[in-house]
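A structural walkthrough
Read off the chains here:
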Amino acid sequence: MPSTTPSTAARKTTARRATSKTPDAIALLRADHKKVSDLFEEFEKARSTSRKRELVAQICLELTVHAQIEEEILYPEVQAALKDKELVPEARVEHQSIKDLIAAVQDVEPDGEDYDAKVTVMGEWVKHHVKEEQNEMFPKAKQSRLDLVEMGERLRQRKEELMAEQQRH
């Protein structure tokens, strides 16, 4: 057995390990989707005003940052790679509707039925949006020539920057 075989095997193992540390773009975005879904479920179960306020603040933060990284990084690249004229424009419109609901509940005291209804509708819109991304956009992105691992790293870095910015405000 040549002496280069162990080092070649070691390099391949190291390369695999380095790649697996950073989730690809799809895995990162799916994790965000799961986190927000869980927060909406918690909101539905919450009874106290303070807990609702806390959950809505977290939901708004997560959605705001998530939407921004998708709009800055994912959507332009997916649109170019797929020569898409439907999925990305529709996703942008859905983001705007969700942002409008975020504005209606963010930094507002939970005040009963209308507040809860706005958060519930936001959750429904997010669920619809996530389903379309995960069932339509993500599979097409995986089949494209996009480097989803490299994009995942950029999404992760930008998300960290935005989270830090948001938490300073």
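Comments concerning the overall build of the protein
In terms of regular secondary structure, the protein is built from six helices and zero strands. Secondary structure elements of the protein occur, N-terminal to C-terminal, as α-α-α-α-α-α. Taking all 169 residues of the protein together, 37% fall into the buried category. Taking as baseline every contact in the protein between residues at least 6 positions apart, the subset at least 24 positions apart corresponds to 77%. Here the protein displays about 10,200 Å² of accessible surface, and carbon together with sulfur accounts for 52% of that area.

Some thoughts on the nonpolar core
Among the nonpolar cores identified, the biggest contains 23 residues, and L29, L74, V78, M137, M151 and L155 are the most heavily contacted of them. Of all the elements in the fold, those that place two or more residues in this core are helix 2 (25–45), helix 3 (49–82), helix 4 (87–105), helix 5 (113–143) and helix 6 (148–168). For this core, the leading source of residues is helix 3, giving seven residues. When sequence neighbours within four positions are dropped, the list of residues in contact with M151 reads A25, I73, L74, E77 and L146. One finds V56, C60, L101 and I102 within the second-largest nonpolar core, a separate group that totals 19 residues.

What about the pattern of salt bridges?
The tally for this structure, following the rule as stated, stands at 14 salt bridges. Its salt-bridge partner being E54, residue R51 comes within 2.2 Å of it at the nearest N-O pair. With R51 and E54 both in helix 3 and three residues apart, this pair spans about one turn of that helix. Looking at E54, the relative accessible area reads 48%, which means it is partly exposed. K99 is the partner of E71 in a salt bridge, and the nearest nitrogen-oxygen pair spans 3.0 Å. One end of the pair, E71, is in helix 3; the other, K99, is in helix 4, and 28 residues separate them in sequence. Residue classification places E71 among the partly exposed residues on the basis of a relative accessible area of 24%. Residue classification places K99 among the partly exposed residues on the basis of a relative accessible area of 33%. One network of salt bridges, with partners in common, ties together E42, R51 and E54.

Some remarks on empty space enclosed by the protein
The tally for this structure, following the rule as stated, stands at two cavities of 30 Å³ or more. In this structure, the largest cavity spans a volume of roughly 100 Å³. Taken together, D32, H33, V36, L63, H66, A67, H95, I98, I102, V126, H129 and V130 make up the lining of the largest cavity. Of all the secondary-structure elements, those providing two or more residues to the lining of the largest cavity are helix 2, helix 3, helix 4 and helix 5. Considered class by class, the residues forming the lining of the largest cavity number seven nonpolar, four polar and one charged. A volume near 60 Å³ is recorded for the second largest cavity.

Points about the confidence of the model for the protein
When pLDDT is averaged along the protein, the result is 88, and 88% of the positions lie at 70 or above. Looking at the elements of the protein, mean pLDDT is at its lowest for helix 1 (residues 4–21), recorded as 43, and at its highest for helix 2, recorded as 97. Residue range residues 1–19 is modelled with pLDDT below 50. Its contacts to residues more than four positions away, or to other chains, number one contact.

So, how was this worked out
Residues numbered from 1 in each chain as written. Predicted model: local features only at pLDDT ≥ 70, side-chain atom pairs only at ≥ 80, totals over all residues. Heavy atoms only, no water. Helix = DSSP H or I, 4+ residues; strand = E, 2+ residues; numbered from the N terminus. Buried < 20%, exposed > 50% of the residue type's maximum accessible area, 1.4 Å probe, protein only. Contact = heavy atoms within 4.5 Å. Areas by Shrake-Rupley, 256 points an atom, 1.4 Å probe, with all protein chains shown as cover. Core = buried A, V, L, I, M, F, W, Y, C linked by side-chain atoms within 4.5 Å. Salt bridge = Lys/Arg side-chain N within 4 Å of Asp/Glu carboxyl O. 1 Å grid on protein atoms, 1.4 Å probe; cavity = no way out; pocket = protein on both sides within 12 Å on 5 of 7 lines; lining within 4 Å. Points joined across faces, edges and corners; volume = space filled by probe spheres on them. Nonpolar A, V, L, I, M, F, W, Y, C, P; charged D, E, K, R; others polar. pLDDT = per-residue confidence, 0-100.

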